[in-house]
Amino acid sequence: MKKTCFLFILLAIAFSLSVNAQILDSVFSDNNVLVKQSNKSFLLVNSDNHAENIFYTHYADTNKIIKLDDNLNIIDSVVYKSNFSRDLFFKKNNLNYGLYYTAYSNNNIDTVKIYCEDDNGVLLFNTTLYIGSSDTINFESICVNAYNTQGNKSIVLLRNDFALGSNNCKLILVDSVGNIEYSNIFNVIGTPYLFETSQYYNLITSVKLADFGSTYVYNIRKKDLILEASSCFDKCYFFNNVKPINDSLVIISGFDIAIYDTISNNHFEASSILNIHSQTLHSQYFYYTDTIINHGDMGYVHILPTLMVERNFLDYYTTNSIYKYYRFYEYNYTSRQLIGLYNYDLNGGINFFYIVNFAYGSMKQLFGIKATEDGGVILSSNNWIAKVSEDGLLSILNIETQEKESIKVYPNPARDYINVDIECTNFKASDIELLDMQGRIVKKEKLNAKQGNRIDVSSLSVGTYSYNVSLNGKTIRGKVIVGK
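No experiment lies behind these values; they were computed from the predicted model shown. (Residues numbered from 1 in each chain as written. Predicted model: local features only at pLDDT ≥ 70, side-chain atom pairs only at ≥ 80, totals over all residues. Heavy atoms only, no water.)

Draft legend 1. Focus on the pairing of strand β14 (residues 166–174). The buried count for β14 comes to seven of nine residues, which makes it a mostly enclosed element. Two strands pair when backbone bridges link them, and strand β13 (residues 154–159) and β14 are joined in this way by six bridges, in the antiparallel orientation. What sits directly across from Val 156, in β14, is Ile 172. By the bridge criterion, nine bridges tie β14 to strand β15 (residues 180–189) in an arrangement that is antiparallel. Bridging across to β15, Leu 173 finds its partner in Tyr 182. The turn joining β14 and β15, which pair antiparallel and follow one another in sequence, is formed by five residues; a positive phi near 95° is taken by Gly 178. (Buried < 20%, exposed > 50% of the residue type's maximum accessible area, 1.4 Å probe, protein only. Helix = DSSP H or I, 4+ residues; strand = E, 2+ residues; numbered from the N terminus. Pairing = 2+ DSSP bridges.)

Structural data, given as structure tokens:
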């Protein structure tokens with residue numbers, strides 16, 4: 001049986017960042033999370049080696065390409081003297097591939113260029129792919145995507161973010177020295193997202209409402225960008241992240257929107273795995289919003305759409321450990337913002353769930369996640385970078401006092417009882433609540449000591465339960481499995 005664990009990191013105040021702060025100063029570390037702050041954003045760069053952790057940072061007069069190990073130690077750093085201000089999308093050895101575009105005031109694209117430079121900023125090619133004034137179709141600047149292909153080429157997708165019917169998109173295939181091999185325009189149903197299999201470039205469409213059609217998969221030949229076949233699912237899926245597993249299975253992940261359900265009344269679909277050959281749902285993973293937040297009336301919960309969809313917010317190193325992050329508020333758009341990090345397997349079973357809690361009133365943006373070779377994941381943000389691992393104690397760090405407050409709930413899975421051990425400097429009487437998967441409190445007990453608290457769970461039905469432990473005005477949350 002898989003281990004279910006839960007981490008709650010309370011960053012009670014925003015980090016105070018100096019313009020002279022050094023890159024990656026450690027601010028927090030425990031058994032399963034390491035947080036380092038920086039005065040610059042760390043943007044994830046894909047490479048042909050999945051074991052590499054490569055990031056691109058912006059400076060006033062300098063850009064850097066930084067390679068980290070799985071514990072966020074800098075193992076290589078290159079001053080990148082680029083001729084462009086746009087982000088990189090791929091790095092291979094000392095070659096850096098980027099996309100540059102300009103836009104009109106209405107956000108339609110003016111010009112799109114693809115370029116390649118070495119680490120010293122020597123320009124190897126700079127190819128114009130699209131000029132809006134001379135094209136019959138306009139595309140939105142927020143919907144420009146570029147990918148490196150299995151054949152060491154680049155493919156660029158221009159599209160419009162329109163998930164309610166017929167839509168146009170354009171694919172442009174560029175060889176390794178910057179020549180345009182082929183380009184083609186496709187009319188699709190919904191908003192298209194690109195992924196590659198061994199035989200095809202594929203477009204899969206996100207459709208918001210069934211009234212406007214179903215989700216389609218379009219198979220496009222690699223040799224000439226000609227549409228060879230298309231297939232249709234029997235329902236529509238609404239998503240903004242796509243990652244293939246193999247030639248048959250692809251992960252799609254949604255917009256963090258609430259979905260009404262007659263049993264729980266409120267949950268959202270975290271991720272689905274589709275079989276594109278049989279046009280069937282392989283697996284689906286749900287997580288309940290009331291179980292996550294546990295603050296009573298869920299009628300006012302707002303779930304933030306994921307931003308920066310061109311970057312990785314869905315990743316895996318092995319398919320039994322798939323990571324996806326969500327960003328949401330507790331009550332409304334002025335309340336504190338949370339990041340939920342999910343880990344689940346190929347069949348939709350949850351392995352564990354983490355919450356990273358930001359300061360009140362502060363918009364924090366993630367620029368990507370990267371699953372690591374050791375089973376963990378790296379989160380990169382606009383002023384910090386974090387490594388999260390699966391094992392360890394549940395804890396809260398008080399940033400003001402630097403005191404760590406942690407609990408240990410065991411055995412897990414439990415049978416007749418659970419023990420709760422508490423570690424904190426100033427302990428006061430505490431309590432624990434156990435909740436079922438519909439968010440209903442099924443047991444509540446006092447915790448009167450740091451050690452030796454035993455809770456009888458023999459009367460509970462077999463299943464997974466959330467718990468809330470109140471500790472010095474804060475709450476630590478987690479999950480425990482009750483078996484027989």
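After that view, the rundown keeps rolling.
Draft legend 2. Quick peek at the sheet that holds strand β17 (residues 200–206). Within the open sheet, the four strands sit side by side as β16-β17-β18-β19. Their pairing is antiparallel. The outermost strands of the open sheet, each flanked by one partner alone, are β16 (191–196) and β19 (227–232). Between one strand axis and the next, the sheet turns by 20° as a mean value, whatever way the strands run. As paired elements, strand β18 (residues 216–221) and β19 share five bridges and run antiparallel to each other. Along β19, the bridge assignment pairs Val 217 with Ser 231. (Axes fitted to C-alpha atoms, helices over the stretch in contact; angles between N-to-C directions.)

Draft legend 3. Representation of unusual backbone geometry. Geometrically, the link from Tyr 410 to Pro 411 is a cis peptide bond, its omega value of -10° lying close to zero. Positive phi values are uncommon outside glycine, yet Asn 152 reaches one of about 60°. Inspection of the secondary structure puts Asn 152 in the loop between β12 (144–148) and β13. A relative accessible area of 30% means that Asn 152 is categorised as partly exposed. One non-glycine residue, Gln 279, lies in positive phi territory at about 55°.

Draft legend 4. Summary view of the side chain of Asp 345. The residue Asp 345 is located in the loop between β26 (337–344) and β27 (350–357) in this model. For Asp 345, a relative accessible area of 11% corresponds to the buried category. There is a polar contact of 3.0 Å between the side chain of Asp 345 and the backbone nitrogen of Asn 347. (Polar contact = N/O pair within 3.5 Å; in protein donor to acceptor, adjacent residues only side chain to side chain.)

Draft legend 5. Fine view of the nonpolar core. Among the nonpolar cores identified, the biggest contains 20 residues, and Ile 407, Ile 418, Ile 432 and Tyr 467 are the most heavily contacted of them. Mapped by element, the contributors of at least two residues to this core are β32 (403–410), β33 (417–423), β34 (430–435), β37 (463–471) and β38 (474–482). Considering each element in turn, this core owes the most residues, four residues, to β37. By size, the runner-up hydrophobic cluster in this structure holds 19 residues, among which are Phe 89, Phe 125, Tyr 130 and Ala 146. (Core = buried A, V, L, I, M, F, W, Y, C linked by side-chain atoms within 4.5 Å.)

Draft legend 6. Local environment of the confidence of the model for the chain. Model confidence for the chain is summarised by a mean pLDDT of 75, while 72% of its residues fall at 70 or above. Contacts from residues 330–334, a stretch scored under 50 in pLDDT, to residues over four places away or in other chains number 14 contacts. Note that residues 358–363 has pLDDT below 50 and, in this model, 17 contacts with residues that lie over four places away or in other chains. (pLDDT = per-residue confidence, 0-100. Contact = heavy atoms within 4.5 Å.)

Draft legend 7. Fine view of the pattern of salt bridges. Scanning the model with the defined rule gives 11 salt bridges in all. Of the charged contacts, one joins Lys 92 and Asp 48 as a salt bridge, the two residues approaching to 2.8 Å between their closest N and O atoms. Here Asp 48 lies in the loop between β4 (42–47) and β5 (53–58) and Lys 92 lies in strand β8 (residues 88–92), a separation of 44 residues in the sequence. The salt bridge partner of Asp 119 is Lys 91, with a shortest N-O separation of 2.7 Å. Of this pair, Asp 119 sits in the loop between β10 (109–118) and β11 (123–131) while Lys 91 is found in strand β8, placing the two residues 28 residues apart along the sequence. Each member of the pair, Asp 119 as well as Lys 91, carries the same accessibility label: buried. (Salt bridge = Lys/Arg side-chain N within 4 Å of Asp/Glu carboxyl O.)

Draft legend 8. Spatial organisation of the sheet that holds β13. Strand order in the open sheet formed by four strands is β12-β13-β14-β15, with antiparallel pairing between adjacent strands. Edge positions in the open sheet fall to β12 and β15, since each of these has one partner strand only. Recorded for the sheet is a direction-independent mean angle of 20° between the axes of neighbouring strands.

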